[in-house]
Structure formats: C-alpha cells, structure tokens
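# Per-entry structural report
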Amino acid sequence: QVQLVESGGGLVQAGGSLTLTCAASGSIFSIDAMGWYRQAPGKQRELVAVITSGGSINFADSVKGRFTMSRDNAKNTVTLRMNSLKPEDTAVYYCFCEVVADNDYWGQGTQVTVSS
C-alpha cells in the first residue's frame, strides 16, 4: 500500500508562483515515473509533467518554459515549481507515481487557482 501526500496548492495572482510537493510513502520497493496531472472545470484531465527514475522530464506544451520539476529518489518525493502562472492553469492538480511491480497511485488532488 502506497500513500501520496500533496501540498502547496492555493490562490495566486496571474504572474505569481506556487510550488507543489508530493511525497510517496508506504510499501515501496521502487518507483518508475512520478508526476502531475491536472483537471480544469469542463476540461479533460491533462498530463502536466512527468519525471522518470532516471531523471528524464517531459512537460506539457502549455507549461513548458514556465514550470520546473525535481525528484528525490531516495525520499520518493517530487516537487513542481510553477512560475508565471496564468488563469488557464487553474485546476485540481493530482500527483501520481508508478510503483514497479505494483499499481499506479494517485494523490487526493490539490486546488490551484490563478486570478486575473
């Protein structure tokens, strides 16, 4: 059993920054990919960013150049730094991890709201 704890969501004005952090804990042997999805009202869920155990990072085109991400493999944490936020970034952000030889796990979601 794996649990993901997210933090860092909140309200911010356009142009501001927020940092989201996700920590995985529990019966973990090895995690392949970790990252973030988001879902805005009335829209499909979108993959925001993913980082593999080897450190390869992919961002959605909509956030590329504005967001950065890092991962601590020893602590099973991932951090998403969101800069130059836009109202279009408003969504519920969900952390996920893919545990080797196990299931995929999801956080409960954290709300990010960007005002104009």
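What comes next concerns the included structure. Here the structure is a predicted model, which is why all the values come from computation and not from measurement.

Criteria and thresholds
Residues numbered from 1 in each chain as written. Predicted model: local features only at pLDDT ≥ 70, side-chain atom pairs only at ≥ 80, totals over all residues. Heavy atoms only, no water. Core = buried A, V, L, I, M, F, W, Y, C linked by side-chain atoms within 4.5 Å. Buried < 20%, exposed > 50% of the residue type's maximum accessible area, 1.4 Å probe, protein only. Contact = heavy atoms within 4.5 Å. Helix = DSSP H or I, 4+ residues; strand = E, 2+ residues; numbered from the N terminus.

Right, let's talk about the nonpolar core for a bit. Counting residues in hydrophobic clusters, the biggest one holds 31 residues, and the most contacted among them are Trp36, Leu80, Met82, Tyr93 and Cys97. Residue contacts for cysteine 97: discarding those within four places in its chain leaves Val2, Leu4, Ala24, Ile31, Ala33, Met34, Asn103, Asp104 and Tyr105.

Of note, the phi angle at asparagine 76 is positive, near 55°, even though the residue is not glycine. Looking at the element boundaries, asparagine 76 is found in the loop between β7 (67–72) and β8 (77–82). Overall, the relative accessible area of 17% leaves asparagine 76 in the buried class. Positioned with a positive phi, alanine 101 is a non-glycine residue whose angle comes to about 60°. Looking at where alanine 101 falls in the secondary structure, it is placed in the loop between β9 (91–99) and β10 (104–106). For alanine 101, a relative accessible area of 84% corresponds to the exposed category.

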